[in-house]
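Reading the structure
Each chain, written out:
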Amino acid sequence: MKAHLSRRYLFSASHRLHSDALSAEENQLTYGKCNNPYGHGHNYILQVTVSGQVDHETGMICNLVDLDGFVETGVLARYDHQNLNTLEEFAHEVPTTENLCIHIFEIVQRGFPQAHLERVCLEETMMNSFEYAGEGRI
Amino acid sequence: MLYLTRKVEFAASHYYHNPDFTLEENRRIFGKCNNPNGHGHNYLLEVTVKGEVDSRTGFVVDLKQLKEVMNREVLEAMDHRFLNKEVPEFAKQIPTTENIAVVIWERLAGKLERAKLHRIRVYETPDLFVDFYGEV
């Protein structure tokens, strides 16, 4: 039986939306308040969805301890309580939640082979969320 | 095609244990969930059905009928129960969130009039849920 398991995690980070390819005025027009040079913060909610066969012996798609452990060290340790703009992956890329979602998807896909990664969803605020499924459908 | 979801909560206890594993394997794989006295959750169940809107009633499914089926097949069987000891399907399989979703699907599929079962979603906690779409 193939099932999908979703797990949610919380991390807090700050960012500033600004592109060097745009003029100061274009940045203001495009990003509005998010262009504040001091940055601003979010409590991001990360939802990771994996899928796989339910193991006949354990009743699990994958061991949650393994998934939690990987996300703690591979994702949360990297982004929690950080200023995203100071991180290497955002040296030349705007740390929008879209881009962050893609980076997190790639980290989990590369580093967690115990189950198939279906999608990553990031809630930036109560009103906005972003999902990325790699090459798959949402 | 329209999708309708009905939610219901049930409170149950369970523990994770495979009698074919050694005590040490059980403890290592299942950790705190292996406590033989069990532990509990307020499970949240979302049943999603799909179908076309009936032109006479405006319904995808008769909600009264869906509610009766959910009460009979899920709540009466699992609410305020110790899943390992009181639900027949869990005599021989571990009541993980995955298996609970599959068992609920099997109990509901084919019992709905007009609409088809699309997805069973079981939240064990607000941060952990399983979706089952009936895929083997």
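The next point concerns the interface of chain A and chain B. With 16 residues of chain A at the contact, the number on the chain B side is 19 residues. When residues of the side of chain A that touches chain B are assigned to their parent elements, the largest contribution, 7 residues, is made by strand E1 (residues 2–15) of chain A. Classifying every residue of the side of chain A that touches chain B by side-chain character gives 7 nonpolar, 5 polar and 4 charged. By the bridge criterion, 4 bridges tie E1(A) to strand E5 (residues 128–132) of chain B in an arrangement that is antiparallel. Paired with A:Ser6 across the two strands is B:Phe129, which belongs to E5(B).

Take unusual backbone geometry next. Residues and elements named next belong to chain B. A positive phi angle, close to 60°, is found at His80, a residue other than glycine. Structurally, His80 is set in the loop between helix H2 (63–78) and strand E3 (81–82). Given 11 C-beta atoms within a 10 Å radius, His80 is considered exposed. If you check the backbone angles, Arg114 has positive phi at about 75° while not being a glycine.

So, on to the nonpolar core. Grouped together as the largest cluster of nonpolar side chains are 52 residues, with contacts concentrated most on A:Val120, B:Ala101 and B:Val122. Other than its neighbours up to four places away in sequence, B:Ala101 contacts A:Ala3, B:Ile120, B:Val122, B:Val130 and B:Phe132.

Our focus in this paragraph is the environment of A:Gly39. Residues and elements named next belong to chain A. Within the secondary structure layout, Gly39 lies in the loop between helix H1 (24–31) and strand E2 (40–53). Its 18 C-beta neighbours within 10 Å are what place Gly39 among the partly exposed residues. The sequence separation of Gly39 and Arg16 amounts to 23 residues, and the corresponding C-alpha distance is 4.4 Å. Excluding its chain neighbours within four sequence positions, the residues that come into contact with Gly39 are Ser14, His15, Arg16, Asn83 and Asn85.

Glancing now at the packing of helix H2 (residues 64–79) of chain A against helix H3 (residues 97–111) of chain A. Residues and elements named next belong to chain A. Closest axis-to-axis distance for the H2/H3 pair is 10 Å, and the angle between their directions is 135°. By the angle between their directions, the pair H2 and H3 is classed as oblique. Note that H2 runs across H3; the crossing there is right-handed. Taken together, the residues of H3 that come into contact with H2 (itself represented by Phe70, Gly74 and Val75) are Ile104, Ile107, Val108 and Gly111.

A word on H2(A). Residues and elements named next belong to chain A. The sharpest bend along H2 comes to roughly 40°, located at Glu72. Where H2 is concerned, the buried positions are Leu67, Val71, Val75 and Tyr79. In this fold, the buried residues of H2 make contact with E1, E2, strand E3 (82–83) and H3. Two residues or fewer after H2 comes His81, characterised by a positive phi angle close to 60°.

Residues and elements named next belong to chain A. End to end, H3 covers 21 Å across 15 residues, agreeing with the expected 21 Å (1.5 Å per residue, within 8%). Of all the residues in H3, the buried ones are Leu100, Cys101, His103, Ile104, Phe105 and Val108. Those residues of H3 hidden inside the fold are in contact with E2, H2, strand E4 (116–123) and strand E5 (129–132).

Further remarks concern the environment of B:Asn37. With respect to the secondary-structure elements, B:Asn37 resides in the loop between helix H1 (23–30) and strand E2 (39–51). A sequence separation of 23 residues divides B:Asn37 from B:His14, and the C-alpha atoms of the two residues are 8.3 Å apart.

Below, the discussion takes up the packing of H2(B) against helix H4 (residues 97–108) of chain B. Residue and element names in this part refer to chain B. For the pair H2 and H4, the least separation of the axes is 10 Å and the interaxial angle reads 130°. When the axes of H2 and H4 are compared, the pair comes out oblique. In terms of crossing hand, the pair formed by H2 and H4 is right-handed. Contacts between H2 and H4 involve Val69, Glu73 and Val74 on the former and, on the latter, Ile104, Arg107 and Leu108. In the contact of H2 with H4, the residues fall into 4 nonpolar, no polar and 2 charged.

Cut-offs and rules
Residues numbered from 1 in each chain as written. Chains lettered and ligands numbered in written order. Predicted model: local features only at pLDDT ≥ 70, side-chain atom pairs only at ≥ 80, totals over all residues. Contact = placed C-beta atoms within 7 Å. Helix = DSSP H or I, 4+ residues; strand = E, 2+ residues; numbered from the N terminus. Nonpolar A, V, L, I, M, F, W, Y, C, P; charged D, E, K, R; others polar. Pairing = 2+ DSSP bridges. Buried ≥ 20, exposed ≤ 12 C-beta atoms within 10 Å, placed from the backbone. Core = buried A, V, L, I, M, F, W, Y, C linked by C-beta atoms within 7 Å. Axes fitted to C-alpha atoms, helices over the stretch in contact; angles between N-to-C directions. Parallel < 35°, antiparallel > 145°, perpendicular 65-115°, else oblique. Left-handed = near helix turned anticlockwise from the far one by under 90°. Bend = angle between axes of the 7 residues up to and from the residue. Expected span 1.5 Å × (residues − 1).

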